[in-house]
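Inside the fold
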Amino acid sequence: MKYFSYLLLIISFSALSSESSLSGKVFLPEGCSKKAMVWLSLDKENYQERLLLLHTEVPRGGTFRFYVKPGNYQIRASDEEGCDFLQKVHVQNNPVHLDVKLVKK
Amino acid sequence: MKGFLISFLLLIMTAEASEESACKGNTIKTWTQNVGYSCVTRFNPIVQDPYCDYSSSSGTLLFQNFPGPLFQKDIMPWWGYQGDLYYPNLKFPGAWEKDKVAAKYYPGEGEIFAAKPNVYVNTVHENFKFNFKFISSRKIHFLATTPLLDKELKWSGKIVEKDKFELEEVYYDYLFYDLRLPRSSMQFTNGLCTTREGAIEWMMKDLVEMKYPAISLQDFEEHWRVKIPDYPFFCIYPQYNRELDAIIPIEIDKEQTSLIRSLYVLVPHRIAPGTEEMQEIPFPTENPSQYRPGSKIQRETMFREWGVAFLGD
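Here's a quick rundown of the structure. Since the model is a prediction, treat every value here as computed from it, not as a measurement. (Residues numbered from 1 in each chain as written. Chains lettered and ligands numbered in written order. Predicted model: local features only at pLDDT ≥ 70, side-chain atom pairs only at ≥ 80, totals over all residues. Heavy atoms only, no water.)

Here we look at helix H2 (residues 78-86) of chain B
Residues of H2 of chain B that are buried include every one of Trp-79, Gly-80, Gln-82 and Gly-83 of chain B, and no others. The buried residues of H2 of chain B occupy an angular sector of 165° when projected down its axis, which confines them to one face. Where H2 of chain B is buried, its residues contact strand S2 (35-42), strand S3 (52-59) and strand S5 (71-78) of chain A together with helix H4 (214-227) of chain B. (Buried < 20%, exposed > 50% of the residue type's maximum accessible area, 1.4 Å probe, protein only. Helix = DSSP H or I, 4+ residues; strand = E, 2+ residues; numbered from the N terminus. Arc of directions from axis to C-beta. Contact = heavy atoms within 4.5 Å.)

Things to note about unusual backbone geometry
Residues apart from glycine generally show negative phi values, whereas peptide bonds are mostly found in trans. Residue and element names in this part refer to chain B. Residue Pro-147 is reached from Thr-146 by a cis peptide bond, and omega for that bond is -5°. Relative to the elements of secondary structure, Pro-147 occurs in the loop between strand S7 (141-146) and strand S8 (154-160). With a phi angle near 55°, Leu-153 is a residue other than glycine that sits in the positive phi range. Note on placement: Leu-153 falls in the loop between S7 and S8. Here Glu-168, not a glycine, exhibits a phi torsion of approximately 50°, which is positive. Secondary-structure assignment places Glu-168 in the loop between strand S9 (164-167) and strand S10 (170-172). You can call Glu-168 exposed: its relative accessible area is 76%.

What to know about the nonpolar core
Formed by 63 residues in total, the largest nonpolar core has its most connected members in Val-26, Leu-40, Phe-66, Ile-75 and Leu-102 of chain A together with Met-203 and Phe-220 of chain B. At 6 residues, the largest contribution of residues to this core is made by helix H3 (residues 196-209) of chain B. Residue contacts for Phe-220 of chain B: discarding those within four places in its chain leaves Met-203, Met-204, Leu-207, Arg-225, Tyr-264, Trp-306 and Val-308 of chain B. One finds Phe-130, Leu-149, Ile-159 and Tyr-237 of chain B within the second-largest nonpolar core, a separate group that totals 41 residues. (Core = buried A, V, L, I, M, F, W, Y, C linked by side-chain atoms within 4.5 Å.)

Description of the interface of chain B and chain A
Facing the 36 residues of chain B at the interface are 35 residues of chain A. The largest per-residue losses of area from chain B upon contact with chain A belong to Trp-78, Tyr-87 and Leu-148 of chain B, which jointly make up 21% of the total buried on that side. Across the contact surface, chain B and chain A share 2 salt bridges. In this structure, the salt-bridge partner of Glu-19 of chain A is Lys-139 of chain B, at a minimum N-O distance of 4.0 Å. Where chain B meets chain A, there are 17 residue pairs in polar contact (both at pLDDT 80 or more). (Buried area = accessible area lost by both parts, 1.4 Å probe. Salt bridge = Lys/Arg side-chain N within 4 Å of Asp/Glu carboxyl O. Polar contact = N/O pair within 3.5 Å; in protein donor to acceptor, adjacent residues only side chain to side chain.)

Some thoughts on the packing of aromatic side chains
Residue and element names in this part refer to chain B. Tallying each qualifying case throughout the model produces 27 aromatic pairs over all chains. Measuring from ring centre to ring centre gives 5.5 Å for Tyr-120 and Tyr-174, while their planes differ by 45°; the resulting arrangement is tilted. Of this pair, Tyr-120 sits in strand S5 (residues 112-123) while Tyr-174 sits in the loop between S10 and strand S11 (175-181), placing them 54 residues apart in sequence. Look at Tyr-120 and you get buried, because its relative accessible area is 2%. Exposure remark for Tyr-174: the relative accessible area of 9% places this residue in the buried category. Relative to Tyr-237, the ring of Phe-188 has its centre 5.1 Å away and its plane inclined at 70°; by these criteria the two rings are edge-to-face. One end of the pair, Phe-188, is in the loop between S11 and strand S12 (192-195); the other, Tyr-237, is in strand S13 (residues 233-240), with 49 residues separating them in the sequence. Residue Tyr-237 is classed as buried on the basis of its relative accessible area of 0%. (Phe/Tyr/Trp six-rings, centres within 6.5 Å; stacked < 30°, edge-to-face > 60°.)

A short note on the side chain of Ser-23 of chain A
Assignment of secondary structure puts Ser-23 of chain A in strand S1 (residues 20-27). A polar contact of 2.9 Å, which involves the side chain of Ser-23 of chain A, links it to the side chain of His-97 of chain A.

Comments concerning the state of the cysteines
On inspection of all chains with the given rule, the structure shows 2 disulfides over all chains. Note on cysteine connectivity: Cys-32 of chain A is disulfide-linked to Cys-83 of chain A, with sulfurs 2.1 Å apart. On the sign convention where negative means left-handed, the S-S torsion of about -95° between Cys-32 of chain A and Cys-83 of chain A marks this disulfide as left-handed. One end of the pair, Cys-32 of chain A, is in the loop between S1 and S2; the other, Cys-83 of chain A, is in strand S6 (residues 83-91), with 51 residues separating them in the sequence. Across the disulfide, Cys-193 of chain B is cross-linked to Cys-235 of chain B (sulfur-sulfur distance 2.0 Å). Note on the Cys-193 of chain B and Cys-235 of chain B pair: the S-S dihedral is about 100°, so by sign convention the disulfide is right-handed. Residue Cys-193 of chain B is found in strand S12, and its partner Cys-235 of chain B is found in strand S13; the two are separated by 42 residues along the sequence. An identical accessibility class is assigned to Cys-193 of chain B and Cys-235 of chain B; each is buried. (Disulfide = S-S within 2.5 Å.)

This is how it looks when you write it as structure tokens:
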């Protein structure tokens, strides 16, 4: 019975830890567009491995959330005027929140 | 006499082949199990090459049956060019392997990956407050949302300018979520099979039938012309309120309000449907339009949601 409880605990813990989230708020300064595309990909240097998982269009001041497995990701944001943002993010079991501040290049 | 018979048979065969392979005028070729191949009316007229409109030339008709020029007007939106620079799979709905979404990269459960259900609204009211709440008793396996949902899985705000959402003083043209759904809750009887282009046109025509607003049609076409992978054929299995309200129920806390829902499950095929031996998903056998939500009854506030979904591996 004791071992069974441990087993249940381990299963529950692993289930809980298989999902986390990555949320953010988008800041677009003057000179940028009113909307940005926020991209979530695997954090890989090699182009062929940098798989795009999800992307969403977010207006200035808007918010978003990606639900992810723990791991290493890149959050990129870009707009039509050439404004850009890139951050590598290591997601563990706890949700991560970012301020996505785009910069005019 | 023998020669005449052979010529006659060849003539019949040629006529049948040409009927099967080409649709005339403003129609596209579709396929269903019951009817086989048939031609249905296009949503948009055929787009001609703007730089060389050879078909309307008043000159010689000598080349009228030749294929068009190789040049094609590129219709990618701005984010398409940027995404292409950074990601090898931009023109897929997500991570993609073996003709399906690669499920191993995503959390949660469910064999169906519903990408981009977008929710649009039209109302007769000014500054109309609303709550849009996911009320499923089962766990909802979200993949993304814009904007953030609150702890009760709810978007709260007001509708401004008749058709925009305002949440925490930010205007959104639409509310957005991605999620995984169980395959067992989807229907795979009603639908049709057609080419990639035909699939996009059919879905848009379906949305027009349900009176989706112009901005939602524009967003749909812009997004899915890029994100539907380049397979020659697709079978489309539309999921309407009948399926979606049961598996992902939503509560909107206002009277005189309705929500019309449409999620198209697309199954890609490398060769023309009907010639493959084994099918993981059976070909559709029924006309999908009979279950399309009615749009004749207009409410004061109409929410409309579209999405496209793919199988996961």
